[in-house]
Amino acid sequence: MDEKTEELRDIFMDVTDEETVTEKQAETHGSLSSEEKVDEQLRDVIEEMRERYDFGTSLSNEELSSVVRQFSAGKEDDEIADELGDTSPVETVFHARIDLHLFREADTDAPFDITDLKDCLVSEMSAADCADQLDTSESMIRRYQRVIEAKDEARSVNQQYINEFENILQDRELSDQMTQDMQQDGLEDATDGMESNVSF
């Protein structure tokens, strides 16, 4: 092996070491501690909502954090229920979402005119009387009443909690993307100008 080849080998080994360090840094950033920080931030927001509003959900803050994540990822209620396990039926997920101000368009697709229900509520009619007037069950009245109330709550604080959830999760995604970009740039810089066909 001549002197020039030895120099090239040494450069190659140095670059390899740099790449290994980058891989370790990537593992550290994507570790459980990073995800735990996100969960902690989500739980802090959820706890603030619990103190402010009358939550009806039976799920824990940890489970509600999972609901926020899954909802943000575009999962449907039945998919979120599957993620949470057999103890959380779809109806449980629905009520949890509403408590968290996480709405879907279908949430107000009632078997009656939702405006008529709002009129009943303004008139302070009982659930039984509303049900009779709208020709539906009391459970349906209570379901859509909760949706209306939660939407009013969200509007009264300018969607504050929805925005906070989105910011927490978007910051995590942005941070991950920036790390990936930095790793890629670092690898390209380290290998820039190197000959690809070098024999040792």
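Reading the values: rules and limits
- Residues numbered from 1 in each chain as written.
- Predicted model: local features only at pLDDT ≥ 70, side-chain atom pairs only at ≥ 80, totals over all residues.
- Heavy atoms only, no water.
- Helix = DSSP H or I, 4+ residues; strand = E, 2+ residues; numbered from the N terminus.
- Buried < 20%, exposed > 50% of the residue type's maximum accessible area, 1.4 Å probe, protein only.
- Contact = heavy atoms within 4.5 Å.
- Areas by Shrake-Rupley, 256 points an atom, 1.4 Å probe, with all protein chains shown as cover.
- Expected span 1.5 Å × (residues − 1).
- Phe/Tyr/Trp six-rings, centres within 6.5 Å; stacked < 30°, edge-to-face > 60°.
- Lys NZ or Arg CZ within 6 Å of the ring centre and 35° of its normal.
- Core = buried A, V, L, I, M, F, W, Y, C linked by side-chain atoms within 4.5 Å.
- Salt bridge = Lys/Arg side-chain N within 4 Å of Asp/Glu carboxyl O.
- Axes fitted to C-alpha atoms, helices over the stretch in contact; angles between N-to-C directions.
- Parallel < 35°, antiparallel > 145°, perpendicular 65-115°, else oblique.
- Nonpolar A, V, L, I, M, F, W, Y, C, P; charged D, E, K, R; others polar.
- Arc of directions from axis to C-beta.
- pLDDT = per-residue confidence, 0-100.

## Comments concerning the overall build of the protein
Thought 1: Helix and strand counts for the protein stand at 9 helices and 0 strands.
Thought 2: From first element to last, N terminus to C terminus, the protein shows the α and β order α-α-α-α-α-α-α-α-α.
Thought 3: The 200 residues of the protein split such that 30% are buried.
Thought 4: The contacts of the protein with a sequence gap of at least 6 include a subset with a gap of at least 24, amounting to 66%.
Thought 5: A total of about 12,700 Å² of accessible surface is found on the protein, and carbon and sulfur atoms cover 44% of it.

## Some remarks on helix α3 (residues 61-72)
Thought 1: Helix length check: α3 (12 residues) gives 16 Å between terminal C-alpha atoms against 16 Å at 1.5 Å per residue, within 8%.
Thought 2: Within the sequence span of α3, burial applies to Asn61, Leu64, Ser65, Val67, Val68, Arg69, Gln70 and Phe71.

## Section: the packing of aromatic side chains
Thought 1: Enumeration over the complete set of coordinates arrives at 2 aromatic pairs.
Thought 2: A ring pair is formed by tyrosine 53 and tyrosine 161, whose centres lie 6.1 Å apart and whose planes are at 85 degrees; its orientation type is edge-to-face. One end of the pair, tyrosine 53, is in the loop between α2 (32-52) and α3; the other, tyrosine 161, is in helix α9 (residues 160-191), and 108 residues separate them in sequence. Across the pair, exposure class does not vary: tyrosine 53 and tyrosine 161 are buried alike.
Thought 3: Each ring, one from phenylalanine 112 and one from tyrosine 144, has its centre 5.7 Å from the other, and the planes form 80 degrees; the classification is edge-to-face. Of this pair, phenylalanine 112 sits in the loop between α5 (90-99) and α6 (114-122) while tyrosine 144 sits in helix α8 (residues 138-156), and the two are 32 residues apart along the sequence. Considered together, phenylalanine 112 and tyrosine 144 belong to a single accessibility category, that of buried residues.
Thought 4: Note that arginine 143 overlies the ring of phenylalanine 94, its terminal NZ or CZ placed 3.7 Å from the centroid.

## Notes on the nonpolar core
Thought 1: Counting 24 residues, the largest nonpolar core has Val68, Leu100 and Phe165 as its most contacted members.
Thought 2: Counting only elements with at least two residues in this core, the list comes to α2, α3, α4 (77-84), α5 and α9.
Thought 3: The element contributing the most residues to this core is α2, with 5 residues.
Thought 4: Ignoring anything within four residues of it in the chain, the contact list for valine 68 reads Leu42, Ile46, Leu100, Leu102, Phe165 and Leu169.

## Let's talk about the pattern of salt bridges
Thought 1: The full count for this structure, using the stated rule, is 11 salt bridges.
Thought 2: Across the pair arginine 97 and aspartate 107 runs a salt bridge whose closest N-O atoms are separated by 2.9 Å. Pair noted here: arginine 97 is in helix α5 and aspartate 107 is in the loop between α5 and α6, with a separation of 10 residues, a long-range link. Assigned by exposure class, arginine 97 and aspartate 107 land together as buried.
Thought 3: Each of the salt bridges in this network shares a partner with another, and the network as a whole consists of Asp77, Arg97, Arg104 and Asp107.

## Comments concerning the packing of α4 against α5
Thought 1: Contact geometry for α4 and α5: axes closest at 8 Å, N-to-C directions at 105 degrees. As far as their axial angle goes, α5 and α4 are roughly perpendicular. For the pair α4 and α5, contact is made by Asp77, Asp78, Ile80, Ala81 and Leu84 and by Val90, Val93, Phe94 and Arg97, respectively.
Thought 2: Looking at the contact of α4 with α5, its residues break down into 6 nonpolar, no polar and 3 charged.

## Re α4
Thought 1: Taken together, the buried positions of α4 are occupied by Asp77, Ile80, Ala81 and Leu84. Down the axis of α4, the buried side of the element spans an arc of 105 degrees, and every buried residue falls inside it.
Thought 2: Contact partners of the buried residues in α4: α3 and α5.

## Side note on the confidence of the model for the protein
Thought 1: Across the protein, the average pLDDT comes to 80, with 68% of residues at 70 or higher.
Thought 2: Every residue in residues 18-32 scores below 50 in pLDDT, and together they form 8 contacts with partners more than four places removed in sequence or on other chains.

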